[in-house]
Protein chains: 2
Amino acid sequence: MKPISKEEYDLKCSTRQLFELMSEKWVPGLIYTLSLGPQRPGKLAGRLQGISKKMLTQTLRNLEDWGVVKRTVYDVVPPHVEYSLTSLGEKMVEPIALVHDWAQENREDIAKVFGNRLASKTS
Amino acid sequence: MKPISKEEYDLKCSTRQLFELMSEKWVPGLIYTLSLGPQRPGKLAGRLQGISKKMLTQTLRNLEDWGVVKRTVYDVVPPHVEYSLTSLGEKMVEPIALVHDWAQENREDIAKVFGNRLASKTS
DNA sequence: CCGTATCCTGAAGGATACTG
DNA sequence: CAGTATCCTTCAGGATACGG
């Protein structure tokens, strides 16, 4: 069996990279929500209950840096800002949808694994 | 637009749970490798270059706790141990393959996003 | 309304050395 | 060969308070 080099696993494996990108806590939620249309921060915060102002801004800034999200500022008072997906961002919706669909069909199994994981952490 | 409650996002969203499970550094690699057949720890370490003995054991223990991997010990000297996927583990190969395939077809885009991410970290 | 700055805790994960 | 134990660094991410 062919070995997977360290460099390959760390830097070249797109599969792992994708999982890593998507595991940032609010990333899938934000991308998915933005795929429904451009949104203002207030709306986003309202939809993703539990996200703090800090994490909202921070995650959006990251997505912006990654080239996934675009920030548009309207110069009015009070401030009006809108976030939308770039074309790159649109593409990222695909794997989320893929995993989402599979996850829906297999939620029992995931719940089992995830539950066992939580249980083993607290022991 | 319907809000996603904190509890829903944290505890009920199978999509996020799955991403979270798979983002543990060596999890996708180990599950995928084990899907090629039962393996001894030595073989696994040889294949996943860069994994430390600690992380190998630790991750395998976790997967065992989650019900994804089975550990079989043959009582001989020197010790002989084998790891294999449970039926639950076999199922987990599916989403990995799904993401893997998509990632292969879109490695350019992922590389772009991932690269931008790395770049923005070091600035 | 939108964003920034600081502080703080836990957890991930690598290095190393030791056991049967 | 397989596994355990310790130490240490980094960082995600939450709480809180302030600014335009």
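Residues numbered from 1 in each chain as written. Chains lettered and ligands numbered in written order. Predicted model: local features only at pLDDT ≥ 70, side-chain atom pairs only at ≥ 80, totals over all residues. Heavy atoms only, no water.

**A closer look at the protein's contact with DNA strand D**
- Looking at DNA strand D, there are 18 residues lining it, with A:K25, A:K54, B:G42, B:R71 and B:K121 nearest.
- Backbone atoms, meaning sugar and phosphate, make up 64% of the atoms of DNA strand D lying within 4 Å of the protein.
- At a separation of 2.9 Å, a phosphate oxygen of DNA strand D approaches a polar backbone atom of B:G42.
- In this structure, a phosphate oxygen belonging to DNA strand D sits 3.0 Å away from a side-chain N or O atom of B:Y83. (Near = heavy atom within 4 Å. Polar contact = N/O pair within 3.5 Å; in protein donor to acceptor, adjacent residues only side chain to side chain.)

**Description of the protein's contact with DNA strand C**
- In the vicinity of DNA strand C lie 18 residues, with A:R40, A:R71, A:K121, B:K25 and B:K54 positioned nearest.
- If you look at DNA strand C and keep only atoms within 4 Å of the protein, 64% of those are sugar or phosphate atoms.
- At a separation of 3.3 Å, a phosphate oxygen of DNA strand C approaches a polar backbone atom of A:G42.
- One of the side-chain N or O atoms of A:R71 is found 2.8 Å from a phosphate oxygen in DNA strand C.
- Mapped by element, the contributors of at least two residues to the surface near DNA strand C are α4 (41-47), α5 (53-66) and β2 (80-85) of chain A together with α5 (53-65) of chain B. (Helix = DSSP H or I, 4+ residues; strand = E, 2+ residues; numbered from the N terminus.)

**Describing the interface of chain B and chain A**
- Each partner contributes to the interface: chain B provides 58 residues, whereas chain A provides 58 residues.
- For the pair chain B and chain A, the summed buried area comes to about 5700 Å², and 68% of that belongs to carbon and sulfur atoms.
- Put simply, chain B and chain A have five salt bridges between them.
- Among the ionic pairs, B:D109 bridges to A:K91, the shortest N-O distance being 3.0 Å.
- Summed over the shared surface of chain B and chain A, the result is 14 residue pairs in polar contact (both at pLDDT 80 or more).
- Residue assignment for the side of chain B that touches chain A shows that the elements contributing at least two residues are α1 (6-12), α2 (14-22), α3 (27-34), α4 (41-47), α6 (87-105) and α7 (107-121) of chain B.
- Counting residues per element, the side of chain B that touches chain A draws most heavily on α6(B), which supplies 12 residues.
- Class assignment for the residues of the side of chain B that touches chain A results in 26 nonpolar, 16 polar and 16 charged. (Contact = heavy atoms within 4.5 Å. Buried area = accessible area lost by both parts, 1.4 Å probe. Salt bridge = Lys/Arg side-chain N within 4 Å of Asp/Glu carboxyl O. Nonpolar A, V, L, I, M, F, W, Y, C, P; charged D, E, K, R; others polar.)

**Quick look at the packing of helix α6 (residues 87-105) of chain A against α6(B)**
- One can describe the packing of α6(A) onto α6(B) by two numbers: an axis separation of 10 Å at closest approach and a directional angle of 165°. When the axis of α6(A) is compared with that of α6(B), the two are roughly antiparallel. Taken as a pair, α6(A) and α6(B) cross one another with a handedness that is right-handed. In this structure, α6(A) contributes A:K91, A:M92, A:E94, A:P95, A:L98, A:V99 and A:W102 to the contact, and α6(B) contributes B:K91, B:M92, B:E94, B:P95, B:L98, B:V99 and B:W102.
- Looking at the contact of α6(A) with α6(B) residue by residue, the class counts come to 10 nonpolar, no polar and four charged. (Axes fitted to C-alpha atoms, helices over the stretch in contact; angles between N-to-C directions. Parallel < 35°, antiparallel > 145°, perpendicular 65-115°, else oblique. Left-handed = near helix turned anticlockwise from the far one by under 90°.)

**Side note on the relation of the copies chain B and chain A**
- Superposing chain B onto chain A requires a rotation of 180° together with a translation of 0.0 Å along the rotation axis, leaving an RMSD of 0.0 Å. Taken together, the turn and the small shift mark the pair as related by a two-fold rotation axis.
- Both copies contact each other with a shared surface, as 100% of the interface residues of chain B are interface residues in chain A too. (Least-squares fit on C-alpha atoms with pLDDT ≥ 70 in both.)

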